[in-house]
Amino acid sequence: MSFSRKGIIDLKLYVPGRSIDEVKRQYGIDDVVKLASNENPLGASPKAVQAIIDTAANVNMYPDPISMRLCEKLAKKLNVEPSQIMVSNGMDNVLLLIAEAFVNEGDEVLTCAPSFDTYRISTVIMGGTFKTVPLKAHKFDLEALADAITEKTKLIFLCNPNNPTGTIVTKDEVERFMARIPEHVIVMFDEAYYEFVDNPEYAQGMRYVHENRNVIVGRTFSKLYGLAGTRVGYAIAPHHIMNILKRTLAPFPVNLLGQAAALAALDDTEFVERALRVNREGKQYLLTEFKKLGFDSADANGNFIWTDTHTDGRFLEQELLKRGVIIRAGYLWGFDTFMRVSIGTMEQCERLISALKEIFRVTQGRAQRA
Ligand SMILES: Cc1ncc(COP(=O)(O)O)c(C=O)c1O
């Protein structure tokens with residue numbers, strides 16, 4: 001007899017990236033660089049850190065259950081009503097709540113592959129049927145996604161920029177796609193990395209929130225604001241969708257420190273500008289150096305790069321670990337010669353490139369000797 005609800009026991013466990021401490025211990029290296037989880041390499045917004053310190057003594061009290069001040073501040077910024085926003089314990093949790101609110105057993109949930117794994121986990125937990133169509137040239141294939149819609153389709157996850165590939169879909173492409181979405185389907189725009197996008201053709205889902213379509217936009221404080229450890233993410237939706245979604249919210253989903261940090265971070269324009277500049281410079285440097293190494297990189301629009309190293313990914317991952325650099329190898333998504341590299345500070349990027357150069361020098365030397 002199994003105690004598990006249907007489907008749960010078959011769920012593959014999420015594989016998190018290696019932690020810095022783990023690598024330090026295993027390889028005996030003091031100085032480890034983690035370019036594996038798309039975190040902010042500058043640390044957290046200093047204003048947010050100060051807000052956490054200032055609030056720390058109040059943690060005997062429960063926090064505001066609905067993060068009202070944060071909803072109000074975000075609403076102003078986004079030109080919606082505060083009641084159209086739901087803040088929760090990271091966007092990961094928001095994705096789960098979306099599935100809880102809308103996915104019945106047997107409903108189909110569509111997305112492209114490879115993309116963010118929480119879509120699959122959330123769907124399967126709710127007994128939904130998870131279906132994917134392949135990316136096309138590392139990009140969401142919106143035509144194929146629309147073709148895959150059936151009577152049973154309930155929800156479509158559109159990751160833009162896509163994780164792990166960093167590619168975006170454009171306004172025109174999304175407009176054509178939205179014209180093909182029937183009334184029984186909800187489109188979720190996962191915009192965890194939207195702040196990093198420079199391309200003016202980039203399509204933000206907010207437009208469809210304002211048009212009262214069946215959409216949800218998801219965003220996070222984890223990336224640009226450097227608050228991954230506080231777990232604050234949010235959804236924005238038209239009232240008819242949000243009125244359902246909010247019912248799934250846990251009693252106190254965002255802790256006191258997370259709410260204070262997120263509120264302060266929104267005012268930290270100096271940190272935001274610095275983070276965007278460092279990301280732009282690091283991206284340019286890495287793309288150039290990857291090209292010199294013969295790698296083929298996808299169009300990078302987030303704070304990470306998806307690149308084909310044309311080398312066995314398990315080998316590269318291990319060799320980089322020995323040199324104190326943690327990356328995310330592409331075999332996790334079924335792409336054996338690819339890696340996803342978070343864009344670090346210039347110093348961290350240079351460390352990665354010199355480690356790669358050394359690895360290739362050693363292997364070429366070995367090949368010549370053989
Ligand atoms: C595409 C995408 N969506 C959602 C998330 C989850 O963000 P959060 O840290 O807010 O849970 C991530 C985190 O890496 C992500 O890459």
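Residues numbered from 1 in each chain as written. Predicted model: local features only at pLDDT ≥ 70, side-chain atom pairs only at ≥ 80, totals over all residues. Heavy atoms only, no water.

What the domain assignment lists for the protein is domain 1 (18-44 + 269-369) and domain 2 (46-265). Here the C-alpha centre of domain 2 lies 27 Å away from the C-alpha centre of domain 1. Listed per partner, the contact involves 23 residues of domain 1 and 24 residues of domain 2. Roughly 2000 Å² of surface becomes buried between domain 1 and domain 2 when both sides are summed, with 61% attributable to carbon and sulfur atoms. When residues of domain 1 are sorted by the area they lose upon contact with domain 2, Ala-44, Asn-301 and Phe-304 head the list and together hold 28% of the total. Secondary-structure elements contributing two or more residues to the side of domain 1 that touches domain 2 are helix H11 (269-292), strand E10 (304-308) and strand E13 (338-342). Per element, the largest residue contribution to the side of domain 1 that touches domain 2 is 6 residues, and it comes from H11. (Domains from an automatic or database assignment. Contact = heavy atoms within 4.5 Å. Buried area = accessible area lost by both parts, 1.4 Å probe. Helix = DSSP H or I, 4+ residues; strand = E, 2+ residues; numbered from the N terminus.)

What follows concerns the site of the ligand. Looking at the ligand, there are 13 residues lining it, with Met-91, Asp-190, Thr-220, Ser-222 and Arg-231 nearest. Within the side chain of Asp-190, a nitrogen or oxygen atom sits 2.6 Å from a nitrogen atom of the ligand. In the environment of the ligand, an oxygen atom lies 2.7 Å from a nitrogen or oxygen atom belonging to the side chain of Tyr-193. With the chains in place, 93% of the 400 Å² that the ligand exposes on its own is no longer accessible. Among the elements that line the shell around the ligand, the one with the most residues is helix H4 (residues 90-102), at 3 residues. Counted by class, the shell around the ligand contains 5 nonpolar, 4 polar and 4 charged residues. (Near = heavy atom within 4 Å. Polar contact = N/O pair within 3.5 Å; in protein donor to acceptor, adjacent residues only side chain to side chain. Areas by Shrake-Rupley, 256 points an atom, 1.4 Å probe, with all protein chains shown as cover. Nonpolar A, V, L, I, M, F, W, Y, C, P; charged D, E, K, R; others polar.)

Now for the sheet that holds E13. Pairing is antiparallel across the open sheet formed by 4 strands, whose spatial order is E9-E10-E13-E12. Only two strands of the sheet have a single partner each, and these edge strands are strand E9 (296-297) and strand E12 (328-329). Here E9 pairs with E10 via 2 bridges, running antiparallel. If you follow Ser-297 over to E10, its bridge partner there is Thr-307. (Pairing = 2+ DSSP bridges.)

The next thing to look at is the packing of aromatic side chains. On inspection of all chains with the given rule, the structure shows 13 aromatic pairs. Between Tyr-62 and Phe-252, the aromatic rings sit 4.6 Å apart at their centres with planes inclined by 20 degrees, giving stacked as the arrangement. Here the residue Tyr-62 occupies a position in the loop between helix H2 (46-55) and helix H3 (68-78), and Phe-252 occupies one in the loop between helix H9 (239-245) and helix H10 (256-265), the gap between them amounting to 190 residues. By relative accessible area, which is 67% here, Tyr-62 ends up exposed. Both rings, one in Tyr-119 and one in Phe-157, keep their centres 4.4 Å apart while their planes meet at 5 degrees; by these two values the pair is stacked. Placement of the pair is Tyr-119 in helix H5 (residues 118-125) and Phe-157 in strand E5 (residues 153-159), with a sequence separation of 38 residues. For Tyr-119, a relative accessible area of 0% gives the class buried. Each member of the aromatic cluster is reached from another via a ring pair, and the members are Trp-306, Trp-333, Phe-335 and Phe-338. The cationic tip of Arg-219 hangs over the ring face of Tyr-194; the distance from NZ or CZ to the ring centre is 3.6 Å. Positioned above the aromatic ring of Tyr-331, the side-chain terminus of Arg-314 is 3.9 Å from the ring centre. (Phe/Tyr/Trp six-rings, centres within 6.5 Å; stacked < 30°, edge-to-face > 60°. Buried < 20%, exposed > 50% of the residue type's maximum accessible area, 1.4 Å probe, protein only. Lys NZ or Arg CZ within 6 Å of the ring centre and 35° of its normal.)

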